[in-house]
Amino acid sequence: MALRAIRADITTLAVDAVVTAANAGLRGGGGVDGAVHRAAGPALLEACRAIGGCPTGEARITPGFGLAARWVIHAVGPVWQGGGAGEPDLLAGAYRHSLALLRDAGGHSIAFPAISTGVYGYPPERAVVVAVATVRADLVAHAAPLGDLDVTFCCFDPTTLALYQKELAP
Ligand code: AR6
């Protein structure tokens, strides 16, 4: 398995699936979701409308349309409410469900943004621990013969990147 953190605009990555931090209505929005919708084009919002919505802690998959990525996985993380409202489990669910959708589609590479750490207010230092532990455990649980996945944590700012690098260090 391959796990890495990079600093980039996730819309530029040529991976099988780009994950966006969506809202439960799959209505598009700001942040990474706004960037993904702008880069993919209006057909992405049409595809989201056809799906209708997605509960917090889950994800939905659509084509990538104008993106280099073949698919967009719309993952809905929790809004931070202080940590006592099941936020870690919901955040972990968003990562696990995204990986399951990638495998079901037959994909091998995926890039995640730091889900919930923007508008949704999840403290980045806590979210990064959940993200890395969840993805690591999932990759171990689904090791060969199902095939290895290539996972990129794509950060927009250097502070978040440093948190991932610390968490990924052996
Ligand atoms: N590439 C990679 N990361 C990015 C990019 C980009 N182009 N743009 C922003 N980020 P946020 P959330 C980072 O707010 O907290 C939307 O309106 C950003 O710096 O996008 O889950 C949705 O529709 C931060 O580290 O997502 C929802 O309504 C991270 O992506 C709501 O916001 C996540 O920040 C979801 O809020």
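Computed from a predicted structure; not experimentally measured.

Re the packing of aromatic side chains
Thinking step 1. In this structure the tally under the stated criterion is four aromatic pairs.
Thinking step 2. Relative to tyrosine 122, the ring of tryptophan 80 lies with its centre 4.6 Å away and its plane at 55 degrees, an arrangement referred to as tilted. Of this pair, tryptophan 80 sits in the loop between strand 4 (71-75) and helix 3 (87-105) while tyrosine 122 sits in the loop between strand 5 (109-112) and helix 4 (124-141), and the two are 42 residues apart along the sequence.
Thinking step 3. Measuring from centroid to centroid gives 4.7 Å for phenylalanine 153 and tyrosine 164, while their planes differ by 20 degrees, and the two rings are stacked. Of the two residues, phenylalanine 153 sits in strand 6 (residues 150-155) while tyrosine 164 sits in helix 5 (residues 158-168), which places them eleven residues apart along the sequence.
Thinking step 4. Cluster of aromatic residues (ring-pair linked, three or more members): Tyr95, Phe112, Phe153 and Tyr164.

Focus: the state of the cysteines
Thinking step 1. According to the stated counting rule, one finds zero disulfides in the structure shown.
Thinking step 2. Just so you know, cysteine 54 is unpaired, no disulfide at all, and the nearest cysteine sulfur is the one on cysteine 48, 9.8 Å from it.
Thinking step 3. The cysteine cysteine 155 is free of any disulfide, with cysteine 154 supplying the nearest cysteine sulfur at 6.6 Å.

Observations regarding helix 5
Thinking step 1. Inspection of helix 5 places Thr160, Leu161, Tyr164 and Leu168 among the buried residues, and these make up the whole buried set. Take helix 5 and look down its axis: the buried residues cluster within an arc of 100 degrees, on one side only. Projecting away from the buried face of helix 5 at angles above 90 degrees are the exposed residues Thr159 and Lys166.
Thinking step 2. Residues of helix 5 that are buried in the fold lie against strand 1 (2-7), helix 3, helix 4 and strand 6.
Thinking step 3. Structurally, the start of helix 5 carries an N-cap: the backbone nitrogen of threonine 159 is 3.3 Å from a side-chain oxygen of aspartate 157.

Let's talk about the sheet that holds strand 1
Sheet strands line up and pair through hydrogen bonds in the backbone, either parallel or antiparallel.
Thinking step 1. Read from one edge to the other, the open sheet built from six strands follows the order 1-6-5-2-4-3, with strand pairing classed as mixed. In the strand order of this sheet, the two ends are held by strand 1 and strand 3 (59-63), each with one partner. Strand-to-strand twist of the sheet, defined as the mean angle between neighbouring strand axes without regard to direction, takes the value 25 degrees.
Thinking step 2. Along the sheet, helix 1 (residues 31-40) makes contact with strand 2 (17-21) and strand 4, crossing strand 2 at roughly 135 degrees.

A word on unusual backbone geometry
Thinking step 1. Positive phi, close to 50 degrees, is recorded for phenylalanine 65, a residue that is not glycine.
Thinking step 2. Mapped onto the elements of the fold, phenylalanine 65 is located in the loop between strand 3 and strand 4.
Thinking step 3. Its identity as a non-glycine residue notwithstanding, serine 116 has a phi of 75 degrees, on the positive side.
Thinking step 4. Along the polypeptide, serine 116 turns up in the loop between strand 5 and helix 4.
Thinking step 5. Assessed through its relative accessible area of 4%, serine 116 is described here as buried.

Examining the nonpolar core
Across soluble globular proteins, nonpolar side chains show a tendency to be buried alongside one another.
Thinking step 1. One finds Tyr95, Ile110, Phe112, Val151, Phe153 and Tyr164 to be the most contacted residues of the largest nonpolar core, which totals 33 residues.
Thinking step 2. In this structure, tyrosine 164 is in contact with Ala5, Tyr95, Pro113, Ala114, Val128, Ala131, Val132, Phe153 and Cys155, ignoring residues within four places of it in sequence.
Thinking step 3. If you look at the next biggest cluster of nonpolar residues, it comprises 13 residues, including Ile10, Val36, Ala40 and Ala69.

Things to note about helix 3
Thinking step 1. For helix 3, which comprises 19 residues, the first-to-last C-alpha distance of 27 Å matches the rise-based estimate of 27 Å (1.5 Å per residue) to within 8%.
Thinking step 2. Every buried residue of helix 3 is listed here: Glu87, Leu91, Ala92, Gly93, Ala94, Tyr95, Ser98, Leu99, Leu101, Leu102 and Arg103.
Thinking step 3. The positive-phi residue at the C-terminal boundary of helix 3 is glycine 106, with phi of around 90 degrees.

Analysis parameters
- Residues numbered from 1 in each chain as written.
- Predicted model: local features only at pLDDT ≥ 70, side-chain atom pairs only at ≥ 80, totals over all residues.
- Heavy atoms only, no water.
- Phe/Tyr/Trp six-rings, centres within 6.5 Å; stacked < 30°, edge-to-face > 60°.
- Helix = DSSP H or I, 4+ residues; strand = E, 2+ residues; numbered from the N terminus.
- Disulfide = S-S within 2.5 Å.
- Buried < 20%, exposed > 50% of the residue type's maximum accessible area, 1.4 Å probe, protein only.
- Arc of directions from axis to C-beta.
- Contact = heavy atoms within 4.5 Å.
- Polar contact = N/O pair within 3.5 Å; in protein donor to acceptor, adjacent residues only side chain to side chain.
- Pairing = 2+ DSSP bridges.
- Axes fitted to C-alpha atoms, helices over the stretch in contact; angles between N-to-C directions.
- Core = buried A, V, L, I, M, F, W, Y, C linked by side-chain atoms within 4.5 Å.
- Expected span 1.5 Å × (residues − 1).

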